[in-house]
Each structure stands twice: as C-alpha cells, then as structure tokens.
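Secondary and tertiary structure notes
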Amino acid sequence: MEAVAKARRVIEIEIQGMRHVQRKLGPSFPKAVKLLQEALLRGRKIVVSGVGKSGNIGQKIAATLNSTGAPAVALDLLNAVHGDLGLVSEGDVLILLSYSGETDELVRLLPTLARMDLKIIALTGRPQSTLGRQADALLDVKVPQEACPLTLCPTASTTAMLAVGDALAMVLLEARGFRTEDFARVHPGGNLGKNLLLKVADVMRPASSLAVLPKTAKVSDALKQWNLKRTGAVAVVDARGKLAGIFTHGDFIRRYEKNPNVGAEPLAKVMTARPVTVQVDKLAVEVLNLFQKNRIDDLVVVDEKHRPVGLVDAQDITKHRIV
C-alpha cells in the first residue's frame, strides 16, 4: 500500500497545481481566446510549439484544437530553424509552451517571429522570462511544486499546461458556436463518428413498415396490422393524421389477461396517449437516450407536423451498434 500512497500523493500534487493555475486565470485568458478566434475568422491557423515534454503537450493541444474544428499544427522547435518555420504564415497565432520561458531553441527563434505578422500566446511558469515579455497574451502556468520526488521531471507543470490548453480549446469552441454536427464532420470514423452522423431516418423502420390506424379502429384491427406489417406496435392517429397514441403487443397481452374480449375495444380506449416520440431529423443517439430514460421498446418517429413517419425498435439500435 506504500506505492498506492505515493501514487495518491503525486495525483494530489498535480491537482493542487491545477487549482493554483485555475485561480490565477485572469484578463489574459479571454484575450488569448480572442486572438485565436480572430485568426480563424481571417482564415489563418494556430501553430503550437514547445520543446521536450512541453512539445509533447503542445502536440496534444494541437490535436484537440483540430478535433474541434480549429485548424492547428504542431511545430517542432528543433526543426523550425532548419526549414520547418515555412509552415508558419503571417496572420497565424502561435501558442508557445516553455515552463522556464528561456528554452534555448525558443529564445533563438523569437527575433525571427517578431519580424513576422504573428500573435504569440505564451504558456509559461515565469511571466518575466524572455518568452513572457514577448507574448501578446501570457498564461501563467506556474505550479507550487512538481510531483517528481527529485524535482527534476516536469509533472505538475505539464499537467497544468495541458489543462490550460484544453480550457483554451473548449472556450474557443463555444465562442465559435461549434456544434455537435460540426464535431461529427471531423470525426467520421469509428463508433464516435457513427453515433454523431447517423440520423433517426437512417435507423428507423420506414413508413411502409409502420402500422397506422385511426382512433376509431379496434384492437382486432391492430392484430391484423401487426401480422401484415410484421411489427409489434401500431401508431394511432387522429382525424388530421397526427399521432394520438401508441398500442403495442405488450399492451395487448396485459389487457387480454384482464379482458379476453379486448379485441372489440376501440384503440382510443386502450392506447397510450401522448407517447414518447422522436423527430425524424434528430441524431440517432437520441433514440438510445429515450429508450433508456423511458424504459420503452418501441418509439414512433414523427415529422414536423407530428405525423408518424416511421418506427424504431430497441433491436434496431443494437443492429446499428449505437452506444
């Protein structure tokens, strides 16, 4: 258990470090977000760079920005002075990471960057450093201590950088009005992409497979429709064709146990009025949420006028592997 205690200490130090940085966030943060947003509006990109562990954190920040629709590239400072600086264009915004603010490769590059029409956002633990003084927006990521017992390996400081980078990306996302649909377009692969791209219309059973009857029809008519359509639910509509209720095979079984003559009853008397529905243009993942929340097995799909246009069975969700 000694190892567990030490591990908890490491995590606690990193938590305290992030809380320390959280409290110090001030006017420079919205300024940094504004710089990023303005650059993207002009069609420019975000360049994230650092050396060593800071460089690794920068790569993750760039990946997060890209995944939320903010074009970003990770620049290796070691290669920047040997030609890779060519990917930086005037009007870009640089996010530069250096805890000391005095990293040799970075300091040597700053005069070149100063001659270009660029904005610099600095993540550093030393605001008065060379990097800090050159920044257009400075985000102080100084932590009280590193979690490394030798105080040599960047730990709490790099975690703080990562957290601030995530904060930038998420606040920028909201400022740009980035939506779920936008997220889906840059994540087309795997279950995540499937869940975000599939619409209800893609997973529902079409209108041709949907049993629809008026409120005046009888339960016996529903039984015939179930056999004909091979479904276990009937959508009950009013005189205007709008959904008024639903009657399922489970409803029939429960009522038959109490009244063997239920077949003669009108659907208006036995249906579930105002059932849970889903709009045809919604994301398919919303169907899964409705099934879980309401503990139902059949969901009527309606159009904008609340007319039934399809049906989703719980088995359809399993078939499409929506999670």
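In what follows, the structure referred to is the one given above.
Conventions used here
Along every chain, residues carry numbers that run from 1 in the direction the sequence is written. Local features are withheld for residues below a pLDDT of 70 in this predicted model, meaning they are given only at 70 or higher, and side-chain atom pairs are given and counted only at 80 or more; totals for whole chains, interfaces and linings count all residues. Values reported for side chains reflect all heavy atoms of the structure, with hydrogen atoms and water molecules removed beforehand. The axes are straight lines fitted to the C-alpha atoms, using for helices just the contacting stretch, and the angles between their N-to-C directions are given from 0 to 180°. Secondary structure is summarised from DSSP: a helix means a run of H or I of at least four residues, a strand means a run of E of at least two, and numbering begins at the N terminus for each. Any angle that falls under 35 degrees is termed roughly parallel, while one over 145 is termed roughly antiparallel, one within 65 to 115 roughly perpendicular, and all others oblique. Left-handed is the label given to a crossing in which the near helix is rotated counterclockwise from the far helix by less than a right angle, and right-handed is the label when the rotation is clockwise. A contact between two residues is defined here by any heavy atoms of the two lying within 4.5 Å. Just so you know the grouping, Ala, Val, Leu, Ile, Met, Phe, Trp, Tyr, Cys and Pro go in nonpolar, Asp, Glu, Lys and Arg go in charged, and all remaining residues, Gly too, go in polar. Burial classes: relative accessible area under 20% of the type maximum marks a residue as buried, over 50% as exposed, and values in between as partly exposed (1.4 Å probe, protein chains only). The nonpolar core is taken to be a set of buried Ala, Val, Leu, Ile, Met, Phe, Trp, Tyr and Cys residues, with the residues joined through side-chain atoms within 4.5 Å. Think of the arc as the fan of directions from the helix axis to the C-beta atoms. Strand pairing requires that DSSP identify at least two bridges connecting the strands. A pair of aromatic rings is counted whenever rings of Phe, Tyr or Trp (Trp by its six-membered ring) have centres within 6.5 Å, and the orientation is called stacked for planes under 30 degrees apart, edge-to-face for over 60 and tilted otherwise.

**So, the packing of helix H3 (residues 53–67) against helix H7 (residues 156–175)**
Closest axis-to-axis distance for the H3/H7 pair is 10 Å, and the angle between their directions is 20°. When the axis of H3 is compared with that of H7, the two are roughly parallel. The handedness of the crossing between H3 and H7 is right-handed. Mapping the contact onto sequence places Lys-53, Ser-54, Ile-57, Lys-60, Ile-61, Thr-64 and Leu-65 in H3 and Thr-158, Met-161, Leu-162, Gly-165, Asp-166, Ala-169, Met-170 and Leu-172 in H7. Taken together, the residues of the contact of H3 with H7 break down into 8 nonpolar, 4 polar and 3 charged.

**Considerations on the environment of Ala-207**
You can see Ala-207 is positioned in the loop between helix H10 (200–203) and strand S6 (211–214). By relative accessible area, which is 46% here, Ala-207 ends up partly exposed. Measuring from C-alpha to C-alpha, the distance between Ala-207 and Val-93 comes to 52 Å, with 114 residues separating the pair along the chain. Once residues within four sequence positions are removed from consideration, Ala-207 is found in contact with Val-309 and Gly-310.

**Observations regarding the nonpolar core**
Ile-46, Leu-65, Ile-95, Ile-121 and Leu-123 are the most contacted members of the largest nonpolar core, which totals 34 residues. Among the secondary structure elements, those contributing two or more residues to this core are helix H1 (2–24), helix H2 (28–41), strand S1 (46–50), H3, strand S3 (93–97), strand S4 (119–124), strand S5 (137–140) and H7. With 18 residues, the next largest nonpolar core counts Leu-75, Leu-77, Leu-94 and Leu-110 among its residues.

**A closer look at helix H14 (residues 285–294)**
Residues Val-285, Val-287, Leu-288 and Phe-291 constitute the buried set of H14. Take H14 and look down its axis: the buried residues cluster within an arc of 155°, on one side only. A positive backbone phi angle near 55° is found at Arg-295, which sits one or two residues after H14.

**A few points about the sheet that holds S1**
Strand order across the open sheet formed by 5 strands is S2-S1-S3-S4-S5, with parallel pairing between neighbours. Unpaired on one side and paired on the other, strand S2 (72–76) and S5 mark the two borders of the sheet. The average undirected angle you get between the axes of adjacent strands in this sheet is 20°. Note: S1 against S2, 5 bridges, orientation parallel. Looking at S2, one finds that Val-47 is bridged to Val-73.

**Comments concerning the packing of aromatic side chains**
If you walk through the whole model with that rule in mind, you get 3 aromatic pairs. A ring pair is formed by Trp-226 and Phe-252, whose centres lie 6.4 Å apart and whose planes are at 75°; its orientation type is edge-to-face. Linking Trp-226 in helix H11 (residues 219–229) with Phe-252 in helix H12 (residues 249–258), this pair joins segments that are 26 residues apart in sequence. Across the pair, exposure class does not vary: Trp-226 and Phe-252 are buried alike. Put simply, the rings of Trp-226, Phe-247, Phe-252 and Tyr-256 touch in pairs and so form one group of aromatic residues.

All we've got here are geometric facts, nothing functional implied.
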